[in-house]
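Coordinate inspection notes
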Amino acid sequence: NVRELEPPTAPVEEVAGHAAALTDIPIHLETLIVYLRIFADCIANLTPYLYGQKGKHLTRDSFREQRAWFLIKRPTFDCAYAAILKSNTRWFDVLAGNQPKFVGLRDAVIHYRGGIQLMYQPTRTDHSAKVMATLFSDYKTISSDLVTTLQKLFQDMCVFLDRFVGHFAQLANSRTKSLIFSLLYA
């Protein structure tokens, strides 16, 4: 909750809490960006196991490399999963970039000395303000509304994960000729 805090009238504890939040929010946002990129690589590490022995030669260290493996090197290995990767990984490009075209959020933070600057947009109805976070790097602004960008990225990632789980549940069910995994909710 952001509002004007004038030191002569505001309690010291409130001013200190406000100052601490200004320090903590960028750290939390940067941590989320790094965590989501690591999570993508964890998906890549899991995926070969879902193919059994067929997956033993699949690349597993990097989501980027694994996506390229499915889409470029071996697009016929699993056409259905390749289609999921092709149409549902825009979130990854926003997060990790697709050099040289676009610097991703994580690359801006880690490789290009990115930083997050907080700004306030006052509301007209009361004495509060909306917090805006801008991610910038050495040479340009990467996102002028980082919170909204991260919300959209996370929504798109959840769509991908739904399709990922659905695909591999169906694959497991068809390989075992039984209903090992049911995605129907009671």
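Residues numbered from 1 in each chain as written. Predicted model: local features only at pLDDT ≥ 70, side-chain atom pairs only at ≥ 80, totals over all residues. Heavy atoms only, no water.

1. Considerations on the overall build of the chain
What counts is decided by this rule: Think of it this way: any DSSP run of H or I at least four residues long counts as a helix, any run of E at least two long counts as a strand, and we number them from the N terminus. Partly exposed residues are those whose accessible area sits between 20% and 50% of the maximum for their type, while under 20% is buried and over 50% is exposed, using a 1.4 Å probe and protein chains only. It only takes one pair of heavy atoms within 4.5 Å for two residues to be counted as in contact. Using a 1.4 Å probe, the Shrake-Rupley method yields the accessible areas, and only the shown protein chains count as cover for residues.
Of regular secondary structure, the chain possesses six helices and four strands. Across the chain, helices and strands are ordered from the amino to the carboxyl terminus as β-α-α-α-α-α-β-β-β-α. Counting every position in the chain, which comprises 186 residues, the buried fraction comes to 36%. Within the chain, counting contacts between residues at least 6 apart in sequence, those at least 24 apart form 48% of the total. Carbon and sulfur atoms provide 59% of the accessible area of the chain, an area that totals close to 11,800 Å².

2. Brief notes about helix H2 (residues 63-73)
Filter applied, for reference: What the arc describes is the spread of directions from the helix axis to the C-beta atoms. For the purposes of these results, a polar contact is taken to be a pair of N or O atoms within 3.5 Å, where, inside protein, one atom must be able to donate a hydrogen and its partner to accept one; residues adjacent in sequence count only when each atom of the pair is a side-chain atom.
Along H2, the positions that sit buried rather than exposed are Phe63, Gln66, Arg67, Trp69 and Phe70. The buried residues of H2 occupy an angular sector of 155 degrees when projected down its axis, which confines them to one face. Opposite the buried face of H2, by more than 90 degrees, sit the exposed residues Ile72 and Lys73. At the N-terminal boundary of H2, the capping side chain belongs to Ser62, with an oxygen 3.2 Å from the backbone nitrogen of Arg64.

3. Examining the side chain of Arg37
Its location among the elements puts Arg37 in helix H1 (residues 12-46). Within the local environment of Arg37, its side chain forms a polar contact with the side chain of Asp41, the two groups lying 2.6 Å apart. Arg37 has contacts with Ser62, Arg64, Phe92, Leu95, Ala96 and Arg106, leaving out every residue within four places of it along the chain.

4. Digging into the pattern of salt bridges
To keep it simple, the criterion reads: The salt bridge criterion pairs a side-chain nitrogen of Lys or Arg with a carboxyl oxygen of Asp or Glu, the two atoms within 4 Å.
Per the stated rule, a full pass over the model turns up four salt bridges. Where Asp41 meets Arg37, a salt bridge forms, and the shortest distance between an N and an O atom there is 2.6 Å. Remark: Arg37 and Asp41 occur in helix H1; sequence separation between them is four residues, near one turn of the helix. Taking relative accessible area as the criterion, Asp41 reaches 22% and is therefore assigned partly exposed. Residues Asp156 and Lys152 are paired through a salt bridge, measuring 2.9 Å at the closest nitrogen-oxygen approach. You can see Asp156 and its partner Lys152 sitting in helix H6 (residues 146-176), four residues apart, about one turn around the helix. You can call Lys152 partly exposed: its relative accessible area is 45%.

5. Focus: unusual backbone geometry
Non-glycine residue Arg113 carries a positive phi angle of around 50 degrees. As for its placement among the helices and strands, Arg113 is situated in the loop between helix H5 (105-110) and strand E2 (115-122). The exposed category is assigned to Arg113, whose relative accessible area is 60%.

6. As for the packing of helix H3 (residues 79-87) against H6
Basically, it comes down to this: Axes, fitted as lines to C-alpha atoms, cover a helix only where it is in contact. Angles between the N-to-C directions of the axes lie from 0 to 180 degrees. Convention used here: angles under 35 degrees read as roughly parallel, angles over 145 as roughly antiparallel, angles from 65 to 115 as roughly perpendicular, and any remaining angle as oblique.
At their nearest, the axes of H3 and H6 sit 10 Å apart, and the two run at 175 degrees to each other. By the angle between their axes, H3 is roughly antiparallel relative to H6. Packed against H3, whose contacting residues are Ala80, Tyr81, Ile84 and Leu85, the element H6 presents Phe160, Arg163, Phe164, His167 and Phe168 at the interface.

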